[in-house]
Amino acid sequence: MTHPDSGALHQAAAAEATRVPILDLHDVRKRFGGTVALNGVTLSVAPGEVHGLIGENGAGKSTLIKILCGIVKPDSGAIRLSGEAYEPQAPRDAKARGLQVVHQEFNLLPFLSVAENIFIEHLPRNLFGVVKRKDMNVGARSALDAIGLKDIDVSWPVERLGIAHRQLVEVARALMTDSRVLILDEPTATLTSRETDRLFTIINDLRSRGVSVIFVSHHLDEIFRICDRVTVLRNGETVFSRPIGETSHDQLVRAMVGQQLQKEMASEAISSAGKETVLSLVNFRHAQSPHVDGISLDLHKGEILGIAGLVGSGRTELLRAIFAAEQPLSGTRLRNGKPAPFRSPREAIQAGIGFMTEDRKEEGLIMTMPIAANVTLASLSSVSRVGLIDSKLENAMTEQLGADLKLKYGGPSRHAATLSGGNQQKVVLAKWLARNPQVLLLDEPTRGVDVGAKAEIYALIRRLAEKGLALLVVSSELPELMTLCDRIMVMSQHRIVGELARADFSEEKILTYAYQGERRHAGH
Amino acid sequence: MPGMSMKLVLRDAGIGIALLLLIVFFSLSTEHFLTPNNISNILTQITINLILAIGMTFVILIGGIDLSVGSMLAFCAVVAGTVLTIPDFSVFQAVGLATLAALGTGVACGFLNGWISAFWGLPSFIVTLGMLNIARGAALQVTDARTIYSFPPSFNAFGSQMVFGVPVVFLIALALVAVAWFVLSKTVFGRLLYGIGNNEEAVRLAGHSLMFYKVAAFTIAGALVGIAAMVYMARLNIASPIIGIGFELNAIAAVIIGGTSLSGGRGTVIGTLLGACIIGVLANGLILFGLSDFMRQMITGVVIILAVIIDKYRERITAA
Ligand SMILES: Nc1ncnc2c1ncn2[C@@H]1O[C@H](COP(=O)(O)OP(=O)(O)OP(=O)(O)O)[C@@H](O)[C@H]1O
Ligand SMILES: [Mg+2]
């Protein structure tokens, strides 16, 4: 190896000799058919350490975690847990040895209640094997309170929850058992700062009790806030591992990308917003909205309008109602000034609207179908003639969009399930770009996408806006909204509580609005 | 989509090899298995189940099931049989109208199956269980529980017509397999059926009408029942309200042995063809082998379970 950081790696190895690691991986390798997922991962985690694991999309983080919990078997390499050889054959083995994992893609049972999901591994039962529902609900309540999920009822089916809440339920479930090592694969990708803060409090608490935590994230600021040590994977190899105090933001980026990243897009991007209103809502109210007057807003041609707000403020519900994925309760939707009472997503799409959903696994992708089929799912008429699919055209379109979005994939005919999380996200985006809509609703568009690809996607979205595409963007990442948008509206408790023009953007102002509504609500 | 079809081809190849092994086994262990006469015999026996199983493949691919095909077969047959025995028509007129009647009856029943389950969001298991009774009752009602026979002799002759030792009715079934294969693997329609079987919500949010595709799948299954009914009448020269009992289970078995997943979204009609052949070869071979009908039934049951186990196992390997 001749990369610039091999000296650092060496130093780190020397330092590691003095610690007794709880988890120790040496030269772990794994390939899936022709794809090399892990090409020599070496990693060592000390007891009570919070260990950051970072790398580009497809670098191999999730694969490594699947190996650690026994879902995937490595081709070669040695793993030791508390000094003993560790070769889990199934997730059961991992749990028995004190290793808990929260996966990047959720594994909740949608039709069971939140409480049942949390207790699924050890339901409290009486002598006759009947579930003690009361105990279960009380236990689940306190587990949720501990991570600050006060606003959901434990008897709700998981189906009812948005992805941020699902993520927190997953975490609560993992915390039910005492473990020695807790692995969190991109737990913050869907969380707003409020939930992230709570999660970090919990992690700090675990650390003080001697539990080791492996934490995966694409947000470097989070890595610097919470981690003791950070390891970088690049193309399946460990390229860098150091105590957090001995590294810097730039150094990590360079290690991940293998080169200097281009400067982020200029923050004073020129707004391309026109005067023409392409979409407006008047007293628009969706089924869950508690306010009679609903929401009113105008979206202009070429404009990028952001919607900020805390988890549960009603952002996703609003987008779903605009797209008629759920029928709105009342109010008017105008498209180019004309009433547009869509009854189904089909009609919304015919009116030139696209909607990228937040939950790629449940609503976005068909995992066991080819990437190309997913990319063209919403634009089949443009890759077919008299109902016959032109697979050449379809593959060409996939390759084109794949290149635009820096998709890392084996080929258009591989299943979507073979992609890494961030790359799956890009396919969902590609599906809507392929359709060429005039209005695009984006819900967490870059969830799980790495820093480099994010910059590319922002630039792409900008270019589309310049050509007249109007976008409504919901994101829990304020920096994302602030880089991308011409205007930001802040939602709280299903109401728009503030609006900021680009010149006035600041995290502080946005958060003030977001929490303001919250406090008013709490005061009732 | 080379990769996807490649995987499917491999899956089908496995089933094909199983079929070949069976054929080799019976050829070596029994005297009469590989005679031209017996082969055309097997092909004739397979035909009806194969036609029904093609339709069943469409339904199972979208995650549904159709329990009513056996009863629908009887209903289609008695309606068509009634038309066929109207004395004033010429043979051509009679057969043409009877075919339309069989198709129309099948399409109507299939449409109802699909529409009722899609519109009210009911499991197709329940709706088609209802249709199973409705169609059987209707068949008995229409005929007053009597059997219809004495069809035109030329119609009956067509049922036992051979081309180079292959029954014409089997060739019709093969042509239907080819059409179904084309529709499922080359068209937007087929693509969306697979999509619905895998992730309905993603397909809906991509702007497609779930209702249309679900109703279409059941309607296609109904149309195929109509065709199967005509073939049945041509071969056996009767139309009785009590035919086809349990046929739905054989059709489902062919689809499942052919590697189509009962939860939808995965499988091919080529697999279904092979599955129907395996059932037919087993039934015929085991008789020649000297096993009783009872033993035969038990072995078919074992094969169904084995097929599903193998499929589960294969799925796990490809998923890793
Ligand atoms: N089941 C599979 N079959 C084929 N290839 C796979 C499979 N699972 C993962 N891969 C490939 O292995 C590589 C590593 O994927 P992995 O999911 O570990 O990435 P990651 O680091 O978690 O990325 P992300 O940040 O996007 O979540 C990718 O190139 C991916 O396409
Ligand atoms: Mg991942």
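The residue numbers shown here count from 1 along each chain, following its written sequence. The naming scheme follows written order: chains are lettered A onward, ligands numbered 1 onward. Under the rules for a predicted model, residues below a pLDDT of 70 receive no local features and side-chain atom pairs below 80 are neither given nor counted, while totals for whole chains, interfaces and linings still include all residues. Side-chain metrics in this entry use all non-hydrogen atoms of the structure; hydrogen atoms and water are not considered.

Undergrad: Help me understand the overall build of chain A in this model?
TA: Helix and strand assignments follow DSSP, with helices taken as H or I runs no shorter than four residues and strands as E runs no shorter than two, numbered in order from the N terminus. When its secondary structure is counted, chain A shows 18 helices and 22 strands. Both definitions apply: the radius of gyration is a C-alpha atom measure, and the globule rule equals 2.2 Å times residues to the power 0.38. Taking 2.2 N^0.38 as the reference for a compact globule, 524 residues should give roughly 24 Å; the C-alpha atoms of chain A span a radius of gyration of 23 Å, in line with that estimate. Across its three principal directions, the C-alpha atoms of chain A cover 70 × 60 × 50 Å. Across chain A, the centroid of the 62 positively charged side chains sits 3 Å from that of the 61 negatively charged ones. When charges are counted, neither His nor the chain ends are considered; positive counts come from Lys and Arg and negative counts from Asp and Glu. Charge positions are represented by NZ for Lys, CZ for Arg, CG for Asp and CD for Glu.

Undergrad: Looking at this structure, how should I read the overall build of chain B?
TA: If you tally the helices and strands in chain B, you get 12 helices and 4 strands. The C-alpha atoms of chain B give a radius of gyration of 20 Å, which matches the 20 Å a tight globule of 320 residues would have. Summed over all atoms, the accessible surface of chain B reaches about 14,000 Å², with 73% contributed by carbon and sulfur. Chain B carries 14 positive and 11 negative side-chain charges, and their two centres are separated by 9 Å. Surface exposure here means Shrake-Rupley accessible area, sampled with a 1.4 Å probe, where a residue is shielded only by the protein chains that are shown.

Undergrad: Looking at this structure, I do not really get the coordination of the magnesium ion (ligand 2). What am I missing?
TA: Under ideal tetrahedral coordination, the four donors around a metal are separated by 109.5 degrees; under ideal octahedral coordination, the six donors are separated by 90 or 180 degrees. For the magnesium ion (ligand 2), the full set of protein donor atoms is S62(A) (OG) and Q104(A) (OE1), and the range of their distances to it is 2.0 to 2.2 Å. Taken together, the positions of S62(A) in helix α2 (residues 61–68) and Q104(A) in the loop between β6 (99–102) and α4 (114–118) put the pair 42 residues apart, joining distant regions of the chain. The donor set comprises N, O and S atoms within 2.8 Å of the metal, extended to 3.2 Å for Na, K and Ca; water molecules are omitted, so apparent gaps in a site may simply reflect that omission.

Undergrad: Can you help me understand the site of ligand 1 in this one?
TA: Near, as used in this document, describes a residue that has one of its heavy atoms within 4 Å of the molecule or strand being considered. Neighbouring ligand 1 are 22 residues, the closest being S62(A), T63(A), T418(A), S420(A) and G422(A). The residues that come close to ligand 1 belong to more than one chain, namely chains A and B. Nitrogen and oxygen atoms within 3.5 Å of one another constitute a polar contact, given that in protein one can donate a hydrogen and the other can accept it, and given that sequence-neighbouring residues count only through two side-chain atoms. At 2.7 Å from an oxygen atom of ligand 1 is found a main-chain nitrogen or oxygen belonging to T418(A). Contacts to ligand 1 include G421(A), whose backbone N or O atom sits 3.4 Å from an oxygen atom. Of all elements in the fold, only β2 (35–45), α2 and α15 (421–435) of chain A reach the threshold of two or more residues within the shell around ligand 1. The greatest single-element share of the shell around ligand 1, amounting to 3 residues, is contributed by α2(A). Classifying every residue of the shell around ligand 1 gives 5 nonpolar, 12 polar and 5 charged. Of the residues that make up the shell around ligand 1, three or more belong to each of domain 1 (1–98 + 178–257) and domain 4 (363–436) of chain A. Residues are grouped as follows: Ala, Val, Leu, Ile, Met, Phe, Trp, Tyr, Cys and Pro are nonpolar; Asp, Glu, Lys and Arg are charged; all remaining types, including Gly, are polar. These domain limits were set by an automatic method or by a database of domain assignments.

Undergrad: What exactly am I supposed to notice about the environment of G70(B) here?
TA: All names here are of chain B. Relative to the elements of secondary structure, G70 occurs in helix α3 (residues 69–84). Here G70 falls in the buried class, since its relative accessible area comes to 0%. When the C-alpha positions of G70 and G246 are compared, they lie 6.1 Å apart, and in sequence the two are 176 residues distant. Residue contacts are defined here by distance: any two heavy atoms, one from each residue, within 4.5 Å place the two residues in contact. Ignoring anything within four residues of it in the chain, the contact list for G70 reads R136, I243, G244, F247 and E248. Exposure categories follow from relative accessible area, calculated using a 1.4 Å probe and restricted to protein chains: below 20% of the type maximum is buried, above 50% is exposed, and the middle band is partly exposed.

Undergrad: Would you take a moment to explain the interface of chain B and chain A for this structure?
TA: A common way to express how large an interface is: the accessible area buried when the components associate. At the junction of the two partners, chain B supplies 25 residues and chain A supplies 32 residues. Two parts placed together each lose some accessible area under a 1.4 Å probe, and the buried area is that loss summed for both. Carbon and sulfur atoms make up 64% of the area that chain B and chain A hide from each other, which totals about 2,300 Å². Note on definitions: salt bridges are taken to be side-chain nitrogens of Lys or Arg within 4 Å of carboxyl oxygens of Asp or Glu. The tally of links between chain B and chain A comes to 2 salt bridges. Residue E201(B) pairs with R320(A) through a salt bridge whose shortest N-O separation is 3.6 Å. Applying the counting rule to chain B against chain A returns 9 residue pairs in polar contact (both at pLDDT 80 or more). Breaking the side of chain B that touches chain A down by element, the ones donating at least two residues are α1 (2–29), α7 (168–186) and α8 (188–205) of chain B. Of all the elements, α8(B) adds the most residues to the side of chain B that touches chain A, at 12 residues. Here the residues of the side of chain B that touches chain A are counted per class, giving 12 nonpolar, 8 polar and 5 charged.

Undergrad: What is the right way to read the domain arrangement of chain A from this model?
TA: Domains assigned within chain A are domain 1 (1–98 + 178–257), domain 2 (110–176), domain 3 (274–352 + 437–524) and domain 4 (363–436). Between the C-alpha centres of domain 2 of chain A and domain 3 of chain A the distance comes to 31 Å.

Undergrad: How do you make sense of the packing of aromatic side chains when you look at a structure like this?
TA: Where two aromatic rings form a pair, the distance of their centres and the angle of their planes describe that pair. Any pair of Phe, Tyr and Trp rings, taking the six-membered ring for Trp, is counted once the centres come within 6.5 Å. Such a pair is stacked with planes under 30 degrees apart, edge-to-face with planes over 60 apart, and tilted for the rest. Here the structure, examined in full by the defined rule, presents 14 aromatic pairs over all chains. Ring centres of W115(B) and W120(B) lie 5.5 Å apart, and the angle between their planes is 80°; on these two criteria the pair is classed as edge-to-face. Judged by its relative accessible area of 30%, W115(B) falls in the partly exposed class. Taken together through their ring pairs, the aromatic side chains of F25(B), F26(B), F33(B) and F289(B) make up a single cluster. The ring of F32(A) carries K30(A) above its face, with NZ or CZ at 5.3 Å from the centroid. The rule is short: NZ of Lys or CZ of Arg within 6 Å of the ring centre and within 35 degrees of the ring normal puts a charge over the ring.

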